[in-house]
Amino acid sequence: MNETGSADVVVVGGGVAGLSAAVFTARHDLDTLVVDAGGSILRRNAHLENFPGFPAGINARLLLDLLREQIDRAGCEQLSAAVTQVSPTDEGFIVETADERITSQYVIAATKNEVGYLAGIDGVGIIDRGKTFVDVDDRGRTGVKGLYAAGRVAQKPHQAIVCAGHGAEVAVTLLEDNESPFYHDWVTPDGYFTDRERDLPPGCEEIDDSERQQREADSRGLLQKYLAEPHPDDQETHPSLDGETPTNN
Ligand SMILES: Cc1cc2nc3c(=O)[nH]c(=O)nc-3n(C[C@H](O)[C@H](O)[C@H](O)COP(=O)(O)OP(=O)(O)OC[C@H]3O[C@@H](n4cnc5c(N)ncnc54)[C@H](O)[C@@H]3O)c2cc1C
């Protein structure tokens, strides 16, 4: 199969961990592609009540839609497919699906307990505790330069906000390892740095009040659109209750 695309960062898995990672790499202008097979485990949740910021909870399928909208706005590409193999090369990685062969400098694995596509990579430790996980250091790095793991697959606690936060942390680690100028991904009031005679740090943006109001209006309109009607997707449940192959989740 010929090479069909390239990206700076391929995120494998579009659940909360992978989508949160992609927000940060894409906002930092790394060409980011999220490849997702569909079916974040969070889709089975009946009402998500412990994700900070939603005092009365939120439909978990809606939260995933919002995260996908967020990465889209950050310029991230998305591909619906299962990754079958990741192979290190001298320049980075080749990421394969049934139909695509994508080159990338970095890969973030965020696939909950799916690790088959990492099989045979020297330096990637696979932990089998009935379910499989990827061995990482305290910032999400595997033993292979440029290859990271985030969220549940990196043995993080089975909570959406923890996995989302870890996705963000791993992405920031990648940005630090990339050695491109990075301070924080912050949007600040006009003059916050520059009126104190400080250069605007890389990754930061100062906006004036009219721009702030514009962004707030945009955000309110978007959320009103998403929240206007009940979410259209059906509640999902354990596959064994749907007559599909049982798992332990
Ligand atoms: C019934 C239920 C209710 C829950 N309720 C809550 C709750 O109330 N509060 C809470 O905090 N947590 C809850 N959780 C846990 C929460 O859903 C998970 O901890 C969280 O979703 C893990 O995030 P993740 O991104 O690591 O994995 P996931 O969200 O599962 O995302 C992994 C993604 O990887 C994709 N993928 C897998 N293999 C491949 C491949 N080879 N190629 C491409 N993509 C692939 C999958 O399709 C999936 O989209 C619940 C879980 C369940 C089962």
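Residues numbered from 1 in each chain as written. Predicted model: local features only at pLDDT ≥ 70, side-chain atom pairs only at ≥ 80, totals over all residues.

**Quick notes on the nonpolar core**
Of all hydrophobic cores here, the largest spans 53 residues; its most connected members are Val10, Val12, Ala21, Val107, Ile108 and Ala109. Listed by contribution, the elements that provide at least two residues to this core are strand E1 (5–12), helix H1 (16–27), strand E2 (32–36), helix H2 (60–73), strand E5 (93–96), strand E6 (101–109), strand E9 (147–149) and helix H3 (160–177). Residue contacts for valine 10: discarding those within four places in its chain leaves Leu33, Val35, Val95, Ile102, Ser104 and Val107. (Core = buried A, V, L, I, M, F, W, Y, C linked by C-beta atoms within 7 Å. Buried ≥ 20, exposed ≤ 12 C-beta atoms within 10 Å, placed from the backbone. Helix = DSSP H or I, 4+ residues; strand = E, 2+ residues; numbered from the N terminus. Contact = placed C-beta atoms within 7 Å.)

**Considerations on the UniProt feature "domain: FAD/NAD(P)-binding" (unreviewed entry) in the chain**
Using the residue numbers shown here, the UniProt feature "domain: FAD/NAD(P)-binding" (unreviewed entry) corresponds to residues 8–113. In the segment residues 8–113, helix accounts for 25% and strand for 29%; the C-alpha atoms at its two ends are 24 Å apart. (UniProt positions renumbered as here; feature names shortened; annotations may be inferred.)

**Some details on the site of the ligand**
Looking at the ligand, there are 35 residues lining it, with Gly13, Gly15, Ala17, Ser40 and Gly151 nearest. Elements that contribute at least two residues to the shell around the ligand include exactly H1, E2 and H3. Taken together, the residues that form the shell around the ligand break down as 16 nonpolar, 14 polar and 5 charged. (Near = placed C-beta within 6 Å. Nonpolar A, V, L, I, M, F, W, Y, C, P; charged D, E, K, R; others polar.)

**Thoughts on H1**
For H1, built from 12 residues, the straight-helix expectation of 16 Å at 1.5 Å per residue is met to within 8% by its first-to-last C-alpha distance of 17 Å. Counting buried residues in H1 gives 12 out of 12 residues, a clear majority hidden from the surface. Looking at H1, one finds that the buried residues are Val16, Ala17, Gly18, Leu19, Ser20, Ala21, Ala22, Val23, Phe24, Thr25, Ala26 and Arg27. In this fold, the buried residues of H1 make contact with E1, E2, H2, E6 and H3. Phi for aspartate 29, located one or two positions after H1, is positive at around 70°. (Expected span 1.5 Å × (residues − 1).)

**Notes on the packing of H1 against H2**
Viewed as axis vectors pointing N to C, H1 and H2 meet at an angle of 20°, and their least axial separation amounts to 9 Å. If you check the angle between H1 and H2, you find them roughly parallel. Once H1 is placed against H2, the crossing between them reads as left-handed. Counting all contacts with H1, which are made through Val16, Leu19, Ser20, Ala22, Val23 and Ala26, the residues of H2 involved are Leu67, Arg68, Gln70 and Ile71. Split into classes, the residues belonging to the contact of H1 with H2 amount to 7 nonpolar, 2 polar and 1 charged. (Axes fitted to C-alpha atoms, helices over the stretch in contact; angles between N-to-C directions. Parallel < 35°, antiparallel > 145°, perpendicular 65-115°, else oblique. Left-handed = near helix turned anticlockwise from the far one by under 90°.)

**A closer look at unusual backbone geometry**
For glutamine 155, which is not a glycine, the phi torsion comes out positive at approximately 70°. With respect to the helices and strands, glutamine 155 occurs in the loop between E9 and H3. Overall, the presence of 16 C-beta atoms within 10 Å leaves glutamine 155 in the partly exposed class. For glutamate 197, which is not glycine, the phi dihedral falls at a positive 60°. Residue classification places glutamate 197 among the exposed residues on the basis of 6 C-beta atoms within 10 Å.

**Examining the pairing of strand E3 (residues 77–80)**
Where a strand is regular, its side chains alternate between the two sheet faces. Here E2 runs beside E3; their pairing, made up of 4 bridges, is parallel. Looking at the pairing, aspartate 36 lines up with serine 80 of E3. Note on the crossover from E2 through H2 to E3: the handedness is right-handed. (Pairing = 2+ DSSP bridges. Right-handed = clockwise from strand over helix to strand, strands pointing away.)

**Examining the domain arrangement of the chain**
By a frequent convention, interface size equals the accessible area lost on bringing the separate parts together. Each assigned domain of the chain is listed with its residue range as follows: domain 1 (5–177) and domain 2 (183–243). Its C-alpha centre places domain 1 at a distance of 20 Å from the equivalent point of domain 2. Of the residues lining the interface, 11 residues belong to domain 1; the matching set on domain 2 comes to 9 residues. For the side of domain 1 that touches domain 2, the elements supplying multiple residues, two or more each, are H1 and H2. The residue inventory of the side of domain 1 that touches domain 2, partitioned by class, reads 4 nonpolar, 2 polar and 5 charged. (Domains from an automatic or database assignment.)

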